[in-house]
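Here are the chains, one letter per residue:
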Amino acid sequence: MEASVILPILKKKLAFLSGGKDRRSGLILTIPLCLEQTSMDELSVTLDYLLSIPSEKCKARGFTVIVDGRKSQWNVVKTVVLMLQNVVPAEVSLVCVVKPDEFWDKKVTHFCFWKEKDRLGFEVILVSANKLTRYIEPCQLTEDFGGTLTYDHMDWLNKRLVFEKFTKESTSLLDELALINNGSDKGTQQERERSIDLNFLPSVDPETVLQTGHELLSELQQRRFNGSDGGVSWSPMDDELLAQPQVMKLLDSLREQYTRYQEVCRQRSKRTQLEEIQQKVVNWLEGPGSEQLRTQWGIGDSIRASQALQQKHEEIESQHSEWFAVYVELNQQIAALLNAGDEEDLVELKALQQQLSDVCYRQASQLEFRQNLLQAALEFHSVAQDLSQQLDGLLGMLCVDVAPADGASIQQTLKLLEEKLKSVDLGLQGLREKGQSLLDQISNQASWAYGKDVTIENKENVDHIQGVMEDMQLRKQRCEDMVDVRRLKMLQMVQLFKCEEDAAQAVEWLSELLDALLKTHIRLGDDAQETKVLLEKHRKFVDVAQSTYDYGRQLLQATVVLCQSLRCTSRSSGDTLPRLNRVWKQFTVTSEERVHRLETAVAFHSSAEKILQECPEQPEAFNEMEQFDEIEAVGKSLLDRLTVPVVYPDGSEQYFGSPSDMASAAEHIREKMKLVSLKKQQLRQPEATAPES
């Protein structure tokens, strides 16, 4: 049954499949009853048509029938429900009768569907519209029942008409094309030609039918995935109803038969053309094409030369590509003829195809080999050029005389030199790898490649590659020798700067010792013992200064030796040596003055303490008054010396400590001299009283 036959009945929308499904994945069949009297015959026809659409698998899941009786009478509803028993008893699993809010209550009591379940074969429930969602999800209900599923009956009907028309036309067209194609595959050549002449034009245009099918499939897919008019997606013609599988299957079959039909029509005219084109391709590839490759053997002696050869090769490849494109198309056409040819034609076609393939693949392999060889040569020359530039930069750096300002700059220059040498080592290693790879490719060339002996050309290329690598190795070796010399010189210069810096530091240390001697070595001691301790400490202090001076002299002597080795004049040794000698002389004079003062203080304290410790009951020990005079003379001499500055050889003067420091030291000496004077007076009194007695 076709929709076009019962189109007026289907337009009445007596029943429809909205595309919704119940919780068991069964389809929902809706019967919207209206106020007008419903024709049971038309409803039966509609149901028969709708139930013929789903697949057997889909029918096996059962239907849920919604009988909308809100606008109808009870007896009509009952009749429809009973009619379902005869129309679709096996497929119906549940019938939902949507009742009005206040109408059937008393009448329903006289007819209970649930008691008739065994006789009907399905369950019937009475439910209000707002409670229908207890049995069916809202998204599977149309808007008439408060759901969200969109359904347009006229749109569905139009698509159904298009689908049935397409199905009818495509089925008829497939039969015609199959008859034509099968007739061309059987019988003699004359029979095939006669079959083609008689059935050359199908009854309908295949392109038009294919276009209609594609538009229908596109519409079905769009509505399936995108929804209708921007609303919720609905698909009454999906894979469980009609939709894509049937259309796609018909389209696939139609395309297949139409393609065969087109090939059958083209076979006769193509055969002669293929043979002519094949002969042209083979003649060109074996003639001018091979001759072009025979003349291209060099790899160039520089980047520019290799690039020029690559450009020339690209031009050759471009010419070959045009013929290769012809070969690809020609091979496809021969393959099509092989699929459709007679047994008598297969041997000839295969021989034709094999000859063409052998020539093209051999030529393509030679082109690819030549391209890879030129690319490897370009990479080799690029690495060689980079290495040459690195060697030039390193040589230029080595040719410039080193005149750094300090040791840090020499260290930085030396580090840069080592980095450049390491970069050269890596570059030479990369050059060897590229060169060996290129030599391997050249050695793999076969003398039969272009039908000539290539020994001479290969020898020239090999000699060039080996010559470049040997030249770079020699240049690198020369640079390494120069780097060794420069490294030694720079290390000596670092040592020279270090010696000069340390010598200057020794002068600073000696100056600091001199300054400490003048400013902090002031005390002369309160007694002989303390003064001796100070004298001993001073001697050790002098030893430290002596070691510092000797260290500075040794460093300066080392700078002289390094300067002689480097054949240069020291920048600072001429100034440092006089400074070192001047400071040392000043320190020596100051130290001697300090020793003299300490030794005088030791003599003064020792003599004074000896007199002051003698007992007064032994006057015989002081018979000689010269001792007191000597102590006073030493004390006065020491006091006088404290007021005298240290005079250096250059005439400059320096005082020990500050005037207050010297005054403090002198005051202590004066106090001890007073004690000695008092002791002297005490000893004189007994001598004065003795004559009187």
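Residues numbered from 1 in each chain as written. Predicted model: local features only at pLDDT ≥ 70, side-chain atom pairs only at ≥ 80, totals over all residues. Heavy atoms only, no water.

To keep things clear, this is the line we draw: UniProt positions are given in the numbering used here, feature names are shortened, and annotations may be inferred rather than shown by experiment.
By the naming in an unreviewed UniProt entry, the protein is SEC14 domain and spectrin repeat-containing protein 1 isoform X2, taken from Pipra filicauda. In its Sequence similarities (unreviewed entry) section, the UniProt record describing the protein reads: "Belongs to the SOLO family."

1. Quick word on the overall build of the protein
Here is the rule we go by: Segments assigned H or I by DSSP are reported as helices when at least four residues long, segments assigned E as strands when at least two residues long, and all are numbered from the N terminus. Burial classes: relative accessible area under 20% of the type maximum marks a residue as buried, over 50% as exposed, and values in between as partly exposed (1.4 Å probe, protein chains only). The contact criterion used is simple: two residues touch if any of their non-hydrogen atoms lie within 4.5 Å. We get accessible surface area from the Shrake-Rupley algorithm with a probe of 1.4 Å; when it comes to residues, only the shown protein chains can shield them.
Across its full length, the protein carries 18 helices and 7 strands. Out of the 693 residues belonging to the protein, those deemed buried represent 42%. When contacts within the protein are restricted to residue pairs at least 6 apart in sequence, long-range pairs at least 24 apart make up 81% of them. With an accessible surface of roughly 37800 Å², the protein has 51% of that area assigned to carbon and sulfur atoms.

2. Digging into the environment of Asn 581
Here Asn 581 is to be found in helix H16 (residues 573-613). Taking the relative accessible area as the measure of exposure, Asn 581 reaches 22% and is therefore partly exposed. As a C-alpha pair, Asn 581 and Gly 552 span 29 residues in sequence and 9.8 Å in three-dimensional space. Among all residues touching Asn 581, those that are not within four sequence positions of it are Tyr 549 and Arg 553.

3. Considerations on the pattern of salt bridges
Short version of the rule: What counts as a salt bridge is simple: a side-chain nitrogen of Lys or Arg found within 4 Å of a carboxyl oxygen of Asp or Glu.
Following the criterion strictly, the structure yields 22 salt bridges and no others. Across the pair Glu 508 and Arg 579 runs a salt bridge, and its minimum N-O distance is 3.5 Å. Taken as a pair, Glu 508 in helix H14 (residues 455-519) and Arg 579 in helix H16 lie far apart in primary sequence, 71 residues in all. In this structure, Glu 530 engages Arg 523 in a salt bridge whose closest nitrogen and oxygen atoms are separated by 2.6 Å. By relative accessible area, Glu 530 is classed as partly exposed at 23%. In this structure, a network of salt bridges that share partners links the residues Asp 425, Lys 476 and Glu 480.

4. Some remarks on the packing of helix H2 (residues 40-51) against helix H4 (residues 74-87)
For clarity, the threshold we go by: Note on definitions: angles span 0 to 180 degrees between N-to-C directions of axes, and those axes are lines fitted to C-alpha atoms, for helices only across the stretch in contact. An angle below 35 degrees is treated as roughly parallel, one above 145 as roughly antiparallel, one from 65 to 115 as roughly perpendicular, and anything else as oblique. If you view the pair so one helix is near and one far, a crossing is left-handed when the near helix is turned anticlockwise from the far one by less than a right angle, and right-handed when it is turned clockwise.
Across the interface, H2 lies against H4 with an axial gap of 11 Å and an inter-helix angle of 45°. In this view, H2 runs oblique relative to H4, as classed from their interaxial angle. Read as a crossing pair, H2 and H4 show a hand that is right-handed. Residues Met 40, Leu 43, Ser 44, Leu 47, Asp 48 and Leu 51 of H2 touch H4, and the partners they reach there are Val 76, Thr 79, Val 80, Met 83, Leu 84 and Val 87.

5. Some points on the confidence of the model for the protein
For clarity, the cut-off: Here pLDDT means the predictor's own confidence in every residue, given as a number from 0 to 100.
Per-residue pLDDT for the protein averages 77, and the proportion of residues at 70 or more is 78%. For the protein, per-element mean pLDDT is lowest for helix H8 (residues 189-198), which scores 47, and highest for strand E2 (residues 27-32), which scores 89. With pLDDT under 50 throughout, residues 190-199 is counted as low confidence; its partners more than four residues away or in other chains account for 13 contacts. In the predicted structure, residues 450-454 sits below a pLDDT of 50 and forms 12 contacts with residues beyond four places in sequence or in another chain.

6. Re the nonpolar core
Rules: Residue types Ala, Val, Leu, Ile, Met, Phe, Trp, Tyr and Cys, when buried and joined through side-chain atoms within 4.5 Å, form a set referred to as a nonpolar core.
Ranked by internal contacts, the top residues of the largest apolar core, which has 77 residues, are Leu 438 and Phe 587. Counting residues per element, this core draws most heavily on H14, which supplies 19 residues. Non-local contacts of Leu 438, meaning those with residues more than four positions away in its chain, are made with Ile 299, Leu 373, Ala 376, Ala 377, Phe 380 and Ile 465. Ranked by size, the runner-up nonpolar core spans 38 residues in total, among them Ile 6, Leu 10, Leu 17 and Val 92.

7. Some remarks on the pairing of strand E1 (residues 16-21)
In plain terms, the rule: Between any two strands, pairing holds if DSSP finds at least two bridges.
Burial analysis of E1 places 5 of its 6 residues in the buried class, which makes it a mostly covered element. Pairing of E1 with E2, which is carried by 3 bridges, proceeds in the antiparallel orientation. What sits directly across from Phe 16, in E2, is Thr 30. Where E1 hands over to E2, the hairpin turn is made up of 5 residues, of which Ser 25 adopts a positive phi near 70°.

8. Topic: the environment of Ala 503
For Ala 503, the location among the structural elements is in helix H14. Note on Ala 503: relative accessible area 0%, which makes it buried. Residues Ala 503 and Leu 556, 53 residues apart in the sequence, show an inter-C-alpha distance of 6.4 Å. Not counting the four nearest positions on each side in its chain, Ala 503 is found in contact with Gly 552, Leu 555, Leu 556 and Thr 576.

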